[in-house]
Amino acid sequence: MAKQQQVVIVGGGVIGLLTAFNLASAGQQVVLLERSNVGQESSWAGGGIVSPLYPWRYSPAVTALAHWSQDFYPQLAEHLYTATGIDPEVHTTGLYWLDLDDEAEALAWARREQRPLSAVDISAAHDAVPVLGSGFARAIYMADVANVRNPRLIKSLKAALSLLPAVTIHEHCEVSGFIREGERVLGVQTSLGEIRGDQVVLAAGAWSGELLQSLGLALPVEPVKGQMILYKCASDFLSCMVLAKGRYAIPRRDGHILVGSTLEHEGFDKTPTSSALESLKASAVELIPALAQAEVVGHWAGLRPGSPEGIPYIGPVPGQAGLWLNCGHYRNGLVLAPASCQLFADLMLGREPIIDPAPYAPAGRI
Ligand SMILES: Cc1cc2nc3c(=O)[nH]c(=O)nc-3n(C[C@H](O)[C@H](O)[C@H](O)COP(=O)(O)OP(=O)(O)OC[C@H]3O[C@@H](n4cnc5c(N)ncnc54)[C@H](O)[C@@H]3O)c2cc1C
């Protein structure tokens, strides 16, 4: 086992929480700092599809993390449920993509990656999803795509951390800068005073770039606003996820249906807008006409940690000994979290990494 160190983690989204869980489970002492309550930002706001929306459009770097995570999610959920009694509800529903422009690329990718994605007759899609709108001509389907109920995932991760004696969580603790000595980072300045550690991990989602600026580093992570709406239907109303023109509907087990999402560059503003509400309702009704009669029971926005090509930064920061990044997961932080946090712990603890860490290394990218 690696020598025990004190690790300070900045940010209590899915990435910070799961990083804390992996490090503490491997015997490290962890202090997690969150400026509000854990898991209230992007990790709460997201849809929780356990796949990139269009997996064939991503680089092999994103695909490698996604595949490892997809295989691992059921075990993670089972483990958290057993430990805490809170079920993250990994719900394997399958996903229909409708009227894609790049269907041929999708099918070629699936053959190459050996994923169970195939073209289906549109009438078969209607048989499987009777509430599907009639305006679609073509469909492809992947049976093993799941969604995770992300607010519950966060809750169960927080509960699991509270059972580990080596973990301290400080909520309402805002990090404002780093404590440095020469080339070494020794801790952080916070609203509760200085907190020191052997290692500091930046997992502050969309805010990670802002924090690194104080060290004179330009990390290209920027907020990308996404709005989402929620319906509540009967639990058997929609059995599969469906996606067309960048908009999707996700059924939870209890009949809640999430419809998302917008992609907006509005800085750190996350106010839900009436124009997005109308646009999301129109997409919902195009996908599933019966939703015109359903009430919208929720509408919110979150800030994705946007990064070039959606490739996260995972690893040590060159020239800043003791400082590490696990951030920039853009549209895929929920699906990529298990692999990203496992890879992160492998690197910090000097273990054999689960996948080649080179594409995610901060060195040369900031
Ligand atoms: C509408 C929408 C839909 C999405 N759908 C999906 C999907 O279907 N599948 C998928 O995989 N991903 C999805 N995502 C993306 C996913 O939600 C994110 O990539 C992921 O949650 C990022 O996690 P994180 O922990 O890095 O960031 P966050 O969850 O934002 O956590 C960062 C935390 O750091 C804290 N923090 C920031 N600055 C400081 C500071 N100075 N001091 C202390 N704490 C600080 C914040 O308060 C926050 O809690 C979606 C996102 C949105 C907005």
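Please read these numbers as outputs of a predicted model, since none were measured by experiment.

For this particular structure, what's the right way to read the packing of aromatic side chains?
The geometry of an aromatic ring pair comes down to the distance between the two centres and the angle between the two planes. By the definition in use, this model includes eight aromatic pairs. Arranged with centres 5.8 Å apart and planes meeting at 80°, the rings of Y54 and W56 form a pair that is edge-to-face. Relative accessible area serves as the criterion here: at 11%, Y54 is assigned to the buried category. Put simply, the rings of Y54, W56, W97 and W109 pair up and form one aromatic cluster. Between the NZ or CZ atom of R365 and the centre of the ring of Y313, over which it lies, the distance is 4.0 Å.

When you look at the site of the ligand in this model, what are you seeing that I'm missing?
In the neighbourhood of the ligand, 38 residues make up the surrounding shell, with E34, S43, I49, Y330 and V335 lying closest. In the environment of the ligand, an oxygen atom lies 3.3 Å from a nitrogen or oxygen atom belonging to the backbone of V14. The backbone of R35 places a nitrogen or oxygen atom 3.1 Å from a nitrogen atom of the ligand. Expressed as a share of its isolated accessible area of 1,000 Å², the protein-covered part of the ligand is 98%. Broken down by class, the residue content of the shell around the ligand amounts to 17 nonpolar, 15 polar and six charged. Lining the shell around the ligand are residues from two domains, each supplying at least three of them: domain 1 (6-49 + 152-221 + 308-360) and domain 2 (95-143 + 222-306).

What should I look at first to understand helix α3 (residues 60-84) in this one?
Within an α-helix, residues lying three or four positions from one another point in the same direction, as the helix has 3.6 residues per turn. In a regular helix each residue adds 1.5 Å, so 25 residues correspond to 36 Å; α3 covers 35 Å between its end C-alpha atoms and thus fits that length. Where α3 is concerned, the buried positions are A61, V62, T63, L65, A66, H67, S69, Q70, Y73, L76, A77 and L80. Two residues or fewer past α3, G85 is found with a positive phi of approximately 80°.

Cut-offs and rules
Residues numbered from 1 in each chain as written. Predicted model: local features only at pLDDT ≥ 70, side-chain atom pairs only at ≥ 80, totals over all residues. Heavy atoms only, no water. Phe/Tyr/Trp six-rings, centres within 6.5 Å; stacked < 30°, edge-to-face > 60°. Buried < 20%, exposed > 50% of the residue type's maximum accessible area, 1.4 Å probe, protein only. Lys NZ or Arg CZ within 6 Å of the ring centre and 35° of its normal. Near = heavy atom within 4 Å. Polar contact = N/O pair within 3.5 Å; in protein donor to acceptor, adjacent residues only side chain to side chain. Areas by Shrake-Rupley, 256 points an atom, 1.4 Å probe, with all protein chains shown as cover. Nonpolar A, V, L, I, M, F, W, Y, C, P; charged D, E, K, R; others polar. Domains from an automatic or database assignment. Helix = DSSP H or I, 4+ residues; strand = E, 2+ residues; numbered from the N terminus. Expected span 1.5 Å × (residues − 1).

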